[in-house]
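The chain contents come next:
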Amino acid sequence: MRLFYHPEITKVSLAGVLYALGDPVRLEIVKRLADQEELPCAALCIPIAKSTLSHHFKILRDAGVLHCRKEGTQHINSLRRQELDDRFPGLLDAVLECSEADESDC
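This section reports on the structure supplied with the text. Keep in mind it's a predicted model, so treat the numbers as computed, not measured. (Residues numbered from 1 in each chain as written. Predicted model: local features only at pLDDT ≥ 70, side-chain atom pairs only at ≥ 80, totals over all residues. Heavy atoms only, no water.)

### Some thoughts on the pattern of salt bridges
Proximity of charged atoms lets side chains of opposite charge pair with each other.
Thought 1: With the rule as written, the count across this model stands at seven salt bridges.
Thought 2: Residue E28 pairs with R32 through a salt bridge whose shortest N-O separation is 2.8 Å. Placement of both E28 and R32 in helix α2 (residues 24–35) is noted, with a separation of four residues, approximately one turn of the helix.
Thought 3: By relative accessible area, which is 28% here, R32 ends up partly exposed.
Thought 4: We note a salt bridge from R69 to E38, for which the minimum N-O separation is 2.8 Å. On the criterion of sequence distance, the pair formed by R69 in strand β2 (residues 66–71) and E38 in the loop between α2 and β1 (39–40) is long-range, its members being 31 residues apart.
Thought 5: Residue R69 is classed as partly exposed on the basis of its relative accessible area, which comes to 29%. (Salt bridge = Lys/Arg side-chain N within 4 Å of Asp/Glu carboxyl O. Helix = DSSP H or I, 4+ residues; strand = E, 2+ residues; numbered from the N terminus. Buried < 20%, exposed > 50% of the residue type's maximum accessible area, 1.4 Å probe, protein only.)

Shown next as structure tokens:
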């Protein structure tokens, strides 16, 4: 079984996190995970190719935003919220709040 790479939180950069959150698909993944504690990839129901979705998850993991664990045949994803809040206080909340504000402007 191949293990996923999760960077140490001390190695996570602000630029990397902001890059990962700057894509609309990745931001949607993060928003859905913020509402849930954990979700398998399939439960997100994002209408893009599976390979593209896997790529987005990899970027989020590599940036230190997500943690993924294997449970049976599923990959269970969760936000590294507490670690991110410790490293960059208020960042994730600010991004999520701004994202909601942008949607209400439509």
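### Topic: the pairing of strand β3 (residues 74–79)
Thought 1: As paired strands, β1 and β3 are joined by two bridges and run antiparallel to one another. Among the inter-strand pairings, L39 is bridged to a residue of β3, identified as N77.
Thought 2: Sheet topology note: the β2/β3 ladder contains six bridges and is antiparallel. Across the sheet, the residue bridging to R69 is I76, located in β3.
Thought 3: Between β2 and β3, which pair antiparallel and follow one another directly, the connecting turn spans two residues, one of which, G72, has a positive phi of 65°. (Pairing = 2+ DSSP bridges.)

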